[in-house]
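# Residue-level structural notes
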Amino acid sequence: MSPPAGRSGPDFESRIPSPEPRIPNPESRVTGPAHREIALRRVADVAFQVLALLVLVIALASLATLIWDIVADGADTVSWNFITSFSSRRASQAGIWHALTGSIFVIVVTALIAVPIGVAAAIYLEEYGGRSMAARLIELNITNLAAVPSIIYGLLGLGLFVRMMGMGRSVLAGASTLALLVLPVVILSTREALRAVPKTLREGSYALGATKWQTIWHQVLPVAAPGILTGLILALSRAIGETAPLITIGAVTFVTFAPDSVWSPFTVLPIQIFNWVSRPQLEFHANAAAGILVLVALLLSMNAAAIWLRDRYQKRGIL
């Protein structure tokens, strides 16, 4: 009996799919020293993961212990009367209103000074400066300034703002000093955010006839806004907790009034907390713990607001 037409011969056999060759696992053939080396690498990888997890757990446990200790010491002291009262030589009557308003006043003025200057400097260095010698020199100095201890900025502020420019021991002098402190962080983070913007976005804007500044303002900055706000969060979070620069320029440790202008004497929460901790009475130590809780709440509120703005700009794509 002959096979059906069309199902015999070389054409039919060529249409039959051949089974795919099985690719053996290369590790299954590894024996001897190479096999032991692969096993050691796996063990080292697992050990590194366990070590990293252990370090994370230790850090979180230490932070939780510290927060629990502060809450246990200062939770009973925190009240509306404590927040709205001024400083006093009696622990039961002492409050933090002057220090709280001073911190908010100083950090707002710091942001008003540092943000425009820092963002403008980053735009110039990234969009206009190119790789010129002047731009490289400025970039090198900014990178070095980011690692300078904060006490050096305090000495600079004392000589430049307090004495040379005649600002005195005022809110403006303290804010200007903190602005110098956070400027490197603002500039570096803004430059990284600008670098992350795709070049195709700029090229498309130029192709439609937009100028360089129109492209930066309407296209680049809205896309880079989330990264810029992240840098501002880090910068202002560092500024609100600084003590050494403000003590150096002469921020007072005991005041009975809140600042009402940029020329007023002031104190801030970290300085007030340091003042209470340095006293021998245990009641003042409880006040210091309560002040730390208020400072943490203020810091978390600032970060939450900045993160909300960042996420909003990231979703809507507007500045």
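What you see is a predicted model, and the numbers here were worked out from it, not measured in a lab. (Residues numbered from 1 in each chain as written. Predicted model: local features only at pLDDT ≥ 70, side-chain atom pairs only at ≥ 80, totals over all residues. Heavy atoms only, no water.)

Secondary structure summary: the protein chain contains 12 helices and 0 strands in total. Along its sequence from the N terminus, the protein chain presents helices and strands in the succession α-α-α-α-α-α-α-α-α-α-α-α. In the protein chain, which comprises 319 residues, the share counted as buried stands at 36%. Contacts in the protein chain between residues far apart in sequence, at least 24 positions, make up 74% of those at least 6 positions apart. Carbon and sulfur atoms provide 66% of the accessible area of the protein chain, an area that totals close to 19200 Å². (Helix = DSSP H or I, 4+ residues; strand = E, 2+ residues; numbered from the N terminus. Buried < 20%, exposed > 50% of the residue type's maximum accessible area, 1.4 Å probe, protein only. Contact = heavy atoms within 4.5 Å. Areas by Shrake-Rupley, 256 points an atom, 1.4 Å probe, with all protein chains shown as cover.)

Taken together, the side chains of Tyr124, Tyr128, Ile138, Trp213 and Trp217 present a nonpolar region at the surface, about 550 Å² in accessible area. Along the chain, tryptophan 217 falls in helix α9 (residues 212-240). Judged by its relative accessible area of 42%, tryptophan 217 falls in the partly exposed class. (Patch = residues over 30% accessible without salt bridge, like charges linked within 9 Å, V, L, I, M, F, W, Y side chains within 5 Å. Salt bridge = Lys/Arg side-chain N within 4 Å of Asp/Glu carboxyl O.)

Attention now goes to helix α7 (residues 171-195). For α7, with 25 residues, the first-to-last C-alpha span of 35 Å sits near the 36 Å given by 1.5 Å per residue. At valine 182, α7 shows its maximal kink, close to 40 degrees; a proline, proline 184, follows between one and four residues later. With 20 of 25 residues buried, α7 lies mostly within the body of the structure. (Expected span 1.5 Å × (residues − 1). Bend = angle between axes of the 7 residues up to and from the residue.)

The next thing to look at is the environment of tyrosine 128. By secondary structure assignment, the location of tyrosine 128 is in helix α4 (residues 97-128). When the C-alpha atoms of tyrosine 128 and lysine 212 are compared, they prove to be 9.4 Å apart, with 84 residues separating the residues in sequence.

One way to put it is that helix α5 (residues 133-145) packs onto α7 with a least axis distance of 8 Å and a crossing angle of 125 degrees. If you check the angle between α5 and α7, you find them oblique. Judged by the twist between their axes, the crossing of α5 over α7 is left-handed. Of the residues in α7, those in contact with Glu139, Ile142, Thr143 and Leu145 of α5 are Pro184, Ile187, Leu188, Arg191 and Arg195. Looking at side-chain class alone, the contact of α5 with α7 contains 5 nonpolar, 1 polar and 3 charged residues. (Axes fitted to C-alpha atoms, helices over the stretch in contact; angles between N-to-C directions. Parallel < 35°, antiparallel > 145°, perpendicular 65-115°, else oblique. Left-handed = near helix turned anticlockwise from the far one by under 90°. Nonpolar A, V, L, I, M, F, W, Y, C, P; charged D, E, K, R; others polar.)

Turning to the side chain of serine 87, a few remarks are in order. Among the structural elements, serine 87 can be located in the loop between α3 (80-84) and α4. For serine 87, a relative accessible area of 8% gives the class buried.

Counting 57 residues, the largest nonpolar core has Val106, Ile228, Leu246, Phe266, Leu269 and Trp276 as its most contacted members. Tryptophan 276 has contacts with Phe82, Ala94, Gly95, Ile96, Phe284, His285, Asn287 and Ala288, leaving out every residue within four places of it along the chain. If you look at the next biggest cluster of nonpolar residues, it comprises 5 residues, including Ala122, Leu125, Ile142 and Ile187. (Core = buried A, V, L, I, M, F, W, Y, C linked by side-chain atoms within 4.5 Å.)

What follows is about the packing of aromatic side chains. In the structure shown here, the tally under the stated rule is 2 aromatic pairs. A ring pair is formed by phenylalanine 82 and tryptophan 276, whose centres lie 6.0 Å apart and whose planes are at 40 degrees; its orientation type is tilted. Of this pair, phenylalanine 82 sits in helix α3 while tryptophan 276 sits in helix α11 (residues 269-277); the two residues are 194 residues apart in sequence, bridging distant segments of the chain. Judged by its relative accessible area of 0%, tryptophan 276 is buried. (Phe/Tyr/Trp six-rings, centres within 6.5 Å; stacked < 30°, edge-to-face > 60°.)

Under the counting rule described, the total for this entry stands at 8 salt bridges. One salt bridge in this structure joins glutamate 126 and arginine 195, with 3.1 Å as the shortest N-O distance. One end of the pair, glutamate 126, is in helix α4; the other, arginine 195, is in helix α7, with 69 residues separating them in the sequence. Judged by its relative accessible area of 23%, glutamate 126 falls in the partly exposed class. Judged by its relative accessible area of 40%, arginine 195 falls in the partly exposed class. Among the salt bridges present, the one from arginine 191 reaches glutamate 139, with a minimum N-O distance of 3.4 Å. Residue arginine 191 is located in helix α7, and its partner glutamate 139 is located in helix α5; the two are separated by 52 residues in the primary sequence. Using a relative accessible area of 5% as the deciding quantity, one classes arginine 191 as buried.

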